[in-house]
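# Chain and residue survey
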Amino acid sequence: MGTMGEHGDVASGLTLSPLQEKALEAVLIQLAAKSSAGLVLLATRTGHYISMRGTQKHVDGAALASLVAADLAASTQITALVDASEVHTMILREGERTTLLIAEAGPALVLLVVASRDVPLGWIRMLVQGAAQRMAEITRPAPGRPMPALAAVMPGGEFADLVGQAIDDLWNE
Amino acid sequence: MYINYARREITVKVVYYGPALGGKTTNLIQIHDHVADGSRSELISLKTAEDRTLFFDFLELQLGKIGGLAPRAQLYTVPGQARYEASRRLVLRGADGVVFVGDSQPERQQDNLESWRDMARHLASYGFEAQGFPIIVQLNKRDLPGAVPLEHFRRTLGLNGEAPIFEAVALDGRGVRESLRAVMERVVVRLRREISASAA
Ligand SMILES: Nc1nc2c(ncn2[C@@H]2O[C@H](COP(=O)(O)OP(=O)(O)O)[C@@H](O)[C@H]2O)c(=O)[nH]1
Ligand SMILES: [Mg+2]
(Lines give C-alpha, C1' and ligand atoms only; values in the text may rest on other atoms or scores of the structure.)
(Ligands and ions follow the chains in the order given, each with its own letter.)
Protein backbone atom coordinates (compact mmCIF):
# COMPACT_ATOMS: atom_id res chain seq x y z
CA MET A 1 0.00 0.00 0.00
CA GLY A 2 2.53 2.50 -1.10
CA THR A 3 1.58 6.08 -1.05
CA MET A 4 3.68 9.04 -1.84
CA GLY A 5 3.31 12.73 -1.64
CA GLU A 6 5.54 15.69 -1.26
CA HIS A 7 4.90 15.88 2.44
CA GLY A 8 7.08 14.16 4.96
CA ASP A 9 4.27 12.71 7.02
CA VAL A 10 3.60 9.01 7.32
CA ALA A 11 0.48 9.08 5.21
CA SER A 12 2.33 10.50 2.25
CA GLY A 13 5.81 9.01 2.66
CA LEU A 14 6.39 5.72 0.89
CA THR A 15 5.53 2.63 2.87
CA LEU A 16 6.32 -0.77 1.41
CA SER A 17 4.60 -3.89 2.68
CA PRO A 18 6.56 -7.18 2.55
CA LEU A 19 4.43 -8.25 -0.42
CA GLN A 20 5.16 -5.08 -2.32
CA GLU A 21 8.84 -5.35 -1.57
CA LYS A 22 8.92 -8.89 -2.92
CA ALA A 23 7.09 -7.89 -6.07
CA LEU A 24 9.41 -4.94 -6.69
CA GLU A 25 12.43 -7.12 -6.08
CA ALA A 26 11.22 -9.63 -8.66
CA VAL A 27 10.82 -6.91 -11.29
CA LEU A 28 14.27 -5.55 -10.47
CA ILE A 29 15.94 -8.96 -10.77
CA GLN A 30 14.27 -9.60 -14.09
CA LEU A 31 15.25 -6.20 -15.40
CA ALA A 32 18.88 -6.73 -14.39
CA ALA A 33 19.01 -10.14 -16.07
CA LYS A 34 17.31 -9.17 -19.33
CA SER A 35 19.28 -5.97 -19.80
CA SER A 36 22.62 -7.54 -18.76
CA ALA A 37 22.93 -4.37 -16.69
CA GLY A 38 25.99 -3.72 -14.61
CA LEU A 39 23.71 -1.98 -12.18
CA VAL A 40 20.02 -1.43 -11.60
CA LEU A 41 18.93 0.60 -8.63
CA LEU A 42 15.52 1.41 -7.21
CA ALA A 43 14.96 4.45 -4.99
CA THR A 44 12.10 6.66 -3.86
CA ARG A 45 11.57 9.98 -5.58
CA THR A 46 12.79 11.70 -2.42
CA GLY A 47 16.07 9.80 -2.55
CA HIS A 48 15.62 6.88 -0.18
CA TYR A 49 17.45 3.76 -1.28
CA ILE A 50 15.29 0.67 -1.79
CA SER A 51 17.26 -2.00 -3.60
CA MET A 52 20.06 -2.67 -6.07
CA ARG A 53 21.01 -5.50 -8.46
CA GLY A 54 23.64 -6.22 -11.08
CA THR A 55 27.18 -7.37 -11.52
CA GLN A 56 28.84 -4.18 -10.34
CA LYS A 57 30.03 -4.46 -6.76
CA HIS A 58 30.98 -1.99 -4.05
CA VAL A 59 28.51 0.72 -4.89
CA ASP A 60 27.24 3.01 -2.13
CA GLY A 61 23.50 2.54 -2.65
CA ALA A 62 22.40 5.26 -0.24
CA ALA A 63 24.60 7.87 -1.88
CA LEU A 64 23.61 6.75 -5.37
CA ALA A 65 19.89 6.84 -4.53
CA SER A 66 20.11 10.46 -3.36
CA LEU A 67 21.86 11.47 -6.59
CA VAL A 68 19.50 9.59 -8.89
CA ALA A 69 16.43 11.14 -7.25
CA ALA A 70 18.04 14.59 -7.40
CA ASP A 71 18.91 14.16 -11.08
CA LEU A 72 15.32 13.26 -11.90
CA ALA A 73 13.96 16.09 -9.75
CA ALA A 74 16.24 18.59 -11.48
CA SER A 75 15.33 17.33 -14.97
CA THR A 76 11.65 17.46 -14.14
CA GLN A 77 12.00 21.07 -13.04
CA ILE A 78 13.97 21.88 -16.19
CA THR A 79 11.13 20.47 -18.25
CA ALA A 80 8.58 22.47 -16.29
CA LEU A 81 10.50 25.70 -16.93
CA VAL A 82 11.05 25.05 -20.63
CA ASP A 83 7.75 23.50 -21.63
CA ALA A 84 5.25 22.83 -18.90
CA SER A 85 3.09 20.67 -21.15
CA GLU A 86 5.87 18.24 -22.02
CA VAL A 87 6.23 15.03 -20.06
CA HIS A 88 9.63 13.35 -19.98
CA THR A 89 9.81 10.14 -18.07
CA MET A 90 13.38 9.15 -18.82
CA ILE A 91 16.82 10.68 -18.71
CA LEU A 92 19.45 9.19 -21.00
CA ARG A 93 23.21 9.47 -20.78
CA GLU A 94 25.29 7.85 -23.47
CA GLY A 95 28.92 7.35 -22.64
CA GLU A 96 31.65 5.67 -24.64
CA ARG A 97 31.27 2.40 -22.80
CA THR A 98 28.02 2.62 -20.88
CA THR A 99 24.46 3.78 -21.27
CA LEU A 100 22.81 5.27 -18.22
CA LEU A 101 19.04 5.57 -17.97
CA ILE A 102 17.04 7.17 -15.17
CA ALA A 103 13.30 6.64 -15.32
CA GLU A 104 10.23 7.50 -13.30
CA ALA A 105 8.40 4.45 -12.03
CA GLY A 106 5.11 5.98 -10.99
CA PRO A 107 4.87 8.97 -8.66
CA ALA A 108 6.80 7.28 -5.84
CA LEU A 109 9.82 5.60 -7.41
CA VAL A 110 12.81 6.16 -9.63
CA LEU A 111 14.86 3.57 -11.46
CA LEU A 112 18.49 3.69 -12.59
CA VAL A 113 19.92 1.31 -15.17
CA VAL A 114 23.58 1.25 -16.16
CA ALA A 115 24.33 -1.05 -19.09
CA SER A 116 27.06 -1.65 -21.60
CA ARG A 117 26.88 0.22 -24.90
CA ASP A 118 26.80 -3.22 -26.56
CA VAL A 119 23.22 -3.65 -25.40
CA PRO A 120 20.91 -1.91 -27.90
CA LEU A 121 19.36 1.24 -26.49
CA GLY A 122 15.91 0.43 -27.86
CA TRP A 123 15.93 -2.86 -25.99
CA ILE A 124 16.95 -1.27 -22.69
CA ARG A 125 14.39 1.46 -23.11
CA MET A 126 11.65 -1.08 -23.70
CA LEU A 127 12.68 -3.13 -20.67
CA VAL A 128 12.84 -0.05 -18.47
CA GLN A 129 9.43 1.13 -19.61
CA GLY A 130 7.93 -2.25 -18.83
CA ALA A 131 9.60 -2.49 -15.44
CA ALA A 132 8.68 1.08 -14.53
CA GLN A 133 5.06 0.45 -15.37
CA ARG A 134 4.88 -2.69 -13.27
CA MET A 135 6.58 -0.97 -10.34
CA ALA A 136 4.12 1.90 -10.55
CA GLU A 137 1.27 -0.59 -10.38
CA ILE A 138 2.79 -2.40 -7.42
CA THR A 139 3.03 0.83 -5.43
CA ARG A 140 -0.27 2.32 -6.54
CA PRO A 141 -2.08 3.73 -3.49
CA ALA A 142 -4.75 1.44 -2.16
CA PRO A 143 -7.17 2.04 0.70
CA GLY A 144 -6.05 0.80 4.08
CA ARG A 145 -2.53 1.14 5.36
CA PRO A 146 -0.43 -1.44 7.21
CA MET A 147 0.36 0.96 10.02
CA PRO A 148 -0.87 -1.11 13.00
CA ALA A 149 1.90 -3.67 12.50
CA LEU A 150 4.54 -0.99 12.62
CA ALA A 151 2.96 0.71 15.60
CA ALA A 152 3.20 -2.65 17.34
CA VAL A 153 6.94 -3.08 16.82
CA MET A 154 7.80 0.53 17.46
CA PRO A 155 9.00 1.02 21.02
CA GLY A 156 6.70 3.21 23.10
CA GLY A 157 7.32 6.68 24.43
CA GLU A 158 11.02 6.04 24.87
CA PHE A 159 11.69 5.54 21.15
CA ALA A 160 12.85 9.14 20.76
CA ASP A 161 15.24 8.70 23.71
CA LEU A 162 16.60 5.50 22.20
CA VAL A 163 17.22 7.21 18.88
CA GLY A 164 18.96 10.07 20.67
CA GLN A 165 21.06 7.56 22.57
CA ALA A 166 21.92 5.76 19.32
CA ILE A 167 23.29 8.99 17.89
CA ASP A 168 25.43 9.57 20.95
CA ASP A 169 26.68 5.98 20.66
CA LEU A 170 27.67 6.45 17.01
CA TRP A 171 29.77 9.46 17.92
CA ASN A 172 33.51 8.95 18.25
CA GLU A 173 35.30 11.86 19.87
CA MET B 1 10.18 9.11 4.92
CA TYR B 2 10.47 5.59 3.66
CA ILE B 3 9.25 2.53 5.55
CA ASN B 4 10.15 -1.00 4.54
CA TYR B 5 8.15 -3.48 6.58
CA ALA B 6 9.99 -6.62 5.54
CA ARG B 7 13.32 -5.15 6.64
CA ARG B 8 11.84 -3.11 9.48
CA GLU B 9 13.61 -0.08 8.08
CA ILE B 10 12.47 3.47 8.66
CA THR B 11 14.41 6.12 6.79
CA VAL B 12 13.84 9.76 7.57
CA LYS B 13 15.15 12.85 5.83
CA VAL B 14 16.63 15.82 7.65
CA VAL B 15 17.62 18.97 5.79
CA TYR B 16 20.21 21.50 6.99
CA TYR B 17 18.90 24.86 5.87
CA GLY B 18 20.26 28.37 6.29
CA PRO B 19 22.07 31.33 4.74
CA ALA B 20 25.10 30.88 2.48
CA LEU B 21 28.35 30.18 4.36
CA GLY B 22 26.57 29.67 7.68
CA GLY B 23 28.17 26.26 8.23
CA LYS B 24 25.68 23.67 6.91
CA THR B 25 28.25 21.70 4.96
CA THR B 26 30.62 21.91 7.91
CA ASN B 27 27.96 20.23 10.10
CA LEU B 28 27.83 17.28 7.69
CA ILE B 29 31.60 17.05 7.42
CA GLN B 30 31.84 16.86 11.20
CA ILE B 31 29.18 14.17 11.42
CA HIS B 32 30.95 12.22 8.70
CA ASP B 33 34.25 12.49 10.53
CA HIS B 34 32.85 11.45 13.91
CA VAL B 35 30.94 8.39 12.76
CA ALA B 36 32.65 5.12 11.82
CA ASP B 37 32.57 3.87 8.20
CA GLY B 38 30.26 0.98 8.91
CA SER B 39 27.49 3.23 10.21
CA ARG B 40 27.33 5.77 7.43
CA SER B 41 27.41 6.30 3.69
CA GLU B 42 29.98 8.31 1.79
CA LEU B 43 29.66 12.07 2.04
CA ILE B 44 28.38 13.25 -1.33
CA SER B 45 28.94 16.90 -2.23
CA LEU B 46 27.61 18.51 -5.39
CA LYS B 47 29.69 21.66 -5.36
CA THR B 48 31.30 24.26 -7.57
CA ALA B 49 35.03 24.50 -8.27
CA GLU B 50 35.16 27.11 -5.48
CA ASP B 51 33.83 24.58 -2.96
CA ARG B 52 30.42 26.20 -2.72
CA THR B 53 27.41 23.92 -2.49
CA LEU B 54 25.75 23.76 -5.91
CA PHE B 55 22.88 21.39 -5.25
CA PHE B 56 23.33 19.55 -1.94
CA ASP B 57 25.55 17.52 0.35
CA PHE B 58 24.32 14.12 1.43
CA LEU B 59 25.16 11.69 4.21
CA GLU B 60 23.21 8.70 5.51
CA LEU B 61 23.53 7.38 9.06
CA GLN B 62 22.51 3.88 10.11
CA LEU B 63 21.42 3.96 13.73
CA GLY B 64 21.63 0.21 14.36
CA LYS B 65 18.77 -1.84 15.78
CA ILE B 66 16.33 -0.08 18.09
CA GLY B 67 13.52 -2.22 19.46
CA GLY B 68 13.48 -4.41 16.36
CA LEU B 69 13.60 -1.46 13.98
CA ALA B 70 16.49 -0.26 11.88
CA PRO B 71 16.20 3.53 11.68
CA ARG B 72 18.27 5.48 9.19
CA ALA B 73 18.76 9.21 8.90
CA GLN B 74 19.44 10.89 5.60
CA LEU B 75 21.07 14.27 6.03
CA TYR B 76 21.02 16.89 3.26
CA THR B 77 22.22 20.46 3.04
CA VAL B 78 20.78 23.05 0.69
CA PRO B 79 22.80 25.53 -1.39
CA GLY B 80 22.53 28.81 0.52
CA GLN B 81 23.25 31.25 -2.30
CA ALA B 82 20.18 33.21 -3.38
CA ARG B 83 20.30 32.09 -7.01
CA TYR B 84 19.82 28.43 -6.10
CA GLU B 85 16.29 28.91 -4.84
CA ALA B 86 14.78 26.26 -7.12
CA SER B 87 17.36 23.71 -5.96
CA ARG B 88 16.66 24.47 -2.31
CA ARG B 89 13.01 23.75 -2.81
CA LEU B 90 13.81 20.40 -4.45
CA VAL B 91 16.07 19.34 -1.59
CA LEU B 92 13.38 20.23 0.93
CA ARG B 93 10.89 17.94 -0.77
CA GLY B 94 10.02 14.99 1.45
CA ALA B 95 11.87 16.41 4.47
CA ASP B 96 10.82 15.06 7.87
CA GLY B 97 12.79 17.63 9.84
CA VAL B 98 15.04 20.66 9.47
CA VAL B 99 18.13 22.02 11.22
CA PHE B 100 18.27 25.74 10.55
CA VAL B 101 21.91 26.87 10.72
CA GLY B 102 22.17 30.57 11.49
CA ASP B 103 25.32 32.69 11.32
CA SER B 104 26.51 34.63 14.40
CA GLN B 105 28.16 37.45 12.50
CA PRO B 106 26.31 40.76 12.97
CA GLU B 107 26.40 41.57 9.26
CA ARG B 108 24.70 38.25 8.44
CA GLN B 109 21.57 38.77 10.51
CA GLN B 110 19.51 40.03 7.58
CA ASP B 111 20.58 36.92 5.62
CA ASN B 112 19.50 34.73 8.54
CA LEU B 113 16.07 36.31 8.46
CA GLU B 114 15.69 36.04 4.69
CA SER B 115 16.71 32.41 4.73
CA TRP B 116 14.35 31.67 7.61
CA ARG B 117 11.44 33.21 5.70
CA ASP B 118 12.45 31.47 2.50
CA MET B 119 12.40 28.17 4.38
CA ALA B 120 8.98 28.82 5.91
CA ARG B 121 7.61 29.67 2.49
CA HIS B 122 8.95 26.47 0.90
CA LEU B 123 7.69 24.33 3.76
CA ALA B 124 4.28 25.94 3.43
CA SER B 125 4.30 25.19 -0.30
CA TYR B 126 4.67 21.52 0.62
CA GLY B 127 1.75 21.78 3.01
CA PHE B 128 3.68 22.11 6.28
CA GLU B 129 3.18 24.78 8.83
CA ALA B 130 6.31 25.77 10.69
CA GLN B 131 4.30 25.04 13.85
CA GLY B 132 4.47 21.34 14.65
CA PHE B 133 7.06 20.55 12.00
CA PRO B 134 10.37 19.42 13.55
CA ILE B 135 12.72 22.38 13.21
CA ILE B 136 15.86 22.81 15.29
CA VAL B 137 17.60 26.16 15.31
CA GLN B 138 21.38 26.18 15.52
CA LEU B 139 23.33 29.41 15.96
CA ASN B 140 26.77 28.71 14.52
CA LYS B 141 30.16 30.43 14.61
CA ARG B 142 29.91 31.25 18.29
CA ASP B 143 33.72 31.41 18.34
CA LEU B 144 33.86 34.60 16.29
CA PRO B 145 34.62 37.86 18.09
CA GLY B 146 31.58 40.11 17.76
CA ALA B 147 29.15 37.19 17.55
CA VAL B 148 25.65 38.52 18.17
CA PRO B 149 24.02 37.78 21.54
CA LEU B 150 21.63 34.83 21.50
CA GLU B 151 18.66 37.06 22.31
CA HIS B 152 19.43 39.32 19.39
CA PHE B 153 19.31 36.33 17.06
CA ARG B 154 16.12 35.11 18.68
CA ARG B 155 14.45 38.45 18.03
CA THR B 156 15.74 38.56 14.46
CA LEU B 157 13.99 35.31 13.63
CA GLY B 158 10.98 36.15 15.78
CA LEU B 159 11.38 33.00 17.90
CA ASN B 160 9.51 32.85 21.17
CA GLY B 161 11.30 32.55 24.47
CA GLU B 162 10.91 28.78 24.85
CA ALA B 163 12.25 27.71 21.47
CA PRO B 164 15.66 26.17 22.12
CA ILE B 165 18.60 27.52 20.18
CA PHE B 166 21.65 25.27 19.89
CA GLU B 167 24.86 27.23 20.03
CA ALA B 168 27.57 25.76 17.84
CA VAL B 169 31.10 26.04 16.57
CA ALA B 170 30.64 23.59 13.73
CA LEU B 171 34.22 24.07 12.61
CA ASP B 172 35.46 22.15 15.66
CA GLY B 173 32.36 20.04 16.16
CA ARG B 174 30.81 21.87 19.06
CA GLY B 175 27.00 21.65 19.07
CA VAL B 176 26.87 19.47 15.96
CA ARG B 177 25.92 16.21 17.67
CA GLU B 178 23.49 18.00 20.00
CA SER B 179 21.64 19.58 17.06
CA LEU B 180 21.45 16.29 15.19
CA ARG B 181 20.22 14.47 18.24
CA ALA B 182 17.57 17.09 18.94
CA VAL B 183 16.18 17.10 15.43
CA MET B 184 16.08 13.31 15.27
CA GLU B 185 14.25 13.09 18.58
CA ARG B 186 11.63 15.48 17.29
CA VAL B 187 11.28 13.69 13.99
CA VAL B 188 10.73 10.41 15.82
CA VAL B 189 8.19 11.87 18.25
CA ARG B 190 6.19 13.21 15.32
CA LEU B 191 6.55 9.94 13.42
CA ARG B 192 5.27 7.96 16.38
CA ARG B 193 2.34 10.27 16.83
CA GLU B 194 1.35 9.91 13.19
CA ILE B 195 1.73 6.16 13.15
CA SER B 196 -0.42 5.85 16.26
CA ALA B 197 -3.01 8.17 14.76
CA SER B 198 -3.17 6.21 11.51
CA ALA B 199 -3.35 2.89 13.39
CA ALA B 200 -6.28 4.06 15.52
N1 LIG C 1 34.79 30.66 12.61
C2 LIG C 1 33.98 29.70 12.21
N3 LIG C 1 33.91 29.39 10.91
C4 LIG C 1 33.08 28.40 10.53
C5 LIG C 1 32.30 27.68 11.48
N6 LIG C 1 31.57 26.76 10.82
C7 LIG C 1 31.89 26.89 9.51
N8 LIG C 1 32.80 27.88 9.33
C9 LIG C 1 33.42 28.32 8.08
O10 LIG C 1 32.44 29.04 7.32
C11 LIG C 1 32.63 28.80 5.93
C12 LIG C 1 31.35 28.29 5.31
O13 LIG C 1 31.03 27.02 5.84
P14 LIG C 1 30.13 26.00 5.03
O15 LIG C 1 29.94 24.84 5.90
O16 LIG C 1 30.70 25.76 3.68
O17 LIG C 1 28.80 26.86 4.90
P18 LIG C 1 27.44 26.51 4.10
O19 LIG C 1 27.43 27.44 2.92
O20 LIG C 1 26.35 26.81 5.05
O21 LIG C 1 27.48 25.07 3.69
C22 LIG C 1 33.79 27.82 5.81
O23 LIG C 1 34.95 28.53 5.55
C24 LIG C 1 33.83 27.19 7.19
O25 LIG C 1 35.11 26.73 7.51
C26 LIG C 1 32.39 28.05 12.87
O27 LIG C 1 31.76 27.48 13.75
N28 LIG C 1 33.25 29.06 13.16
MG1 LIG D 1 27.31 24.24 1.81
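Refer to the structure presented above.
Keep in mind that what you see is a predicted model, and the values were worked out from it rather than measured. (Residues numbered from 1 in each chain as written. Chains lettered and ligands numbered in written order. Predicted model: local features only at pLDDT ≥ 70, side-chain atom pairs only at ≥ 80, totals over all residues. Heavy atoms only, no water.)

## Things to note about the sheet that holds strand S6 (residues 109-116) of chain A
Strand pairing in a sheet is mediated by backbone hydrogen bonds. Such pairs are either parallel or antiparallel. All names here are of chain A. Strand order in the open sheet made by the 5 strands is S3-S2-S6-S5-S4, with antiparallel pairing throughout. For this open sheet the edge positions go to strand S3 (49-53) and strand S4 (90-94), each flanked by a neighbour on one side alone. Adjacent strand axes in the sheet meet at a mean angle of 10°, parallel and antiparallel pairs treated alike. Here 4 bridges tie strand S2 (residues 39-44) to S3, and the two strands are oriented antiparallel to one another. When the bridges of S3 are listed, Leu41 appears paired with Met52. In the packing of helix H3 (residues 121-138) onto the sheet, contacts are made with S2, S4, strand S5 (98-105) and S6, and the angle to S5 comes to roughly 25°. (Pairing = 2+ DSSP bridges. Helix = DSSP H or I, 4+ residues; strand = E, 2+ residues; numbered from the N terminus. Axes fitted to C-alpha atoms, helices over the stretch in contact; angles between N-to-C directions. Contact = heavy atoms within 4.5 Å.)

## Digging into a nonpolar patch on the surface
On the surface, a nonpolar cluster with roughly 370 Å² of combined accessible area is contributed by Ile78, Leu81 and Val82 of chain A. Of note, Val82 of chain A is situated in helix H2 (residues 61-82). (Patch = residues over 30% accessible without salt bridge, like charges linked within 9 Å, V, L, I, M, F, W, Y side chains within 5 Å. Areas by Shrake-Rupley, 256 points an atom, 1.4 Å probe, with all protein chains shown as cover. Salt bridge = Lys/Arg side-chain N within 4 Å of Asp/Glu carboxyl O.)

## Structural notes on the site of ligand 1
Residue and element names in this part refer to chain B. Of all residues adjacent to ligand 1, which total 15 residues, the nearest are Leu21, Lys24, Thr25, Thr26 and Asp143. One nitrogen or oxygen atom from the main chain of Leu21 is found 2.8 Å from an oxygen atom belonging to ligand 1. Contact between ligand 1 and Thr26: an oxygen atom at 2.5 Å from a side-chain N or O atom of the residue. Against a free-state accessible area of 580 Å², the protein chains account for coverage of 77% of ligand 1. Tallied by class, the residues present in the shell around ligand 1 amount to 7 nonpolar, 5 polar and 3 charged. (Near = heavy atom within 4 Å. Polar contact = N/O pair within 3.5 Å; in protein donor to acceptor, adjacent residues only side chain to side chain. Nonpolar A, V, L, I, M, F, W, Y, C, P; charged D, E, K, R; others polar.)

## Observations concerning the side chain of Lys13 of chain B
Along the chain, Lys13 of chain B turns up in strand S2 (residues 9-17). Salt bridges are absent for the buried Lys13 of chain B, whose nearest opposite-charge side chain, Asp96 of chain B, sits at 8.1 Å. Those residues in contact with Lys13 of chain B, other than ones at most four positions away along the chain, are Thr46 and His48 of chain A together with Gln74, Tyr76, Leu90, Val91, Arg93, Gly94, Ala95, Asp96 and Gly97 of chain B. (Buried < 20%, exposed > 50% of the residue type's maximum accessible area, 1.4 Å probe, protein only. Lys, Arg positive; Asp, Glu negative; His and termini not counted.)

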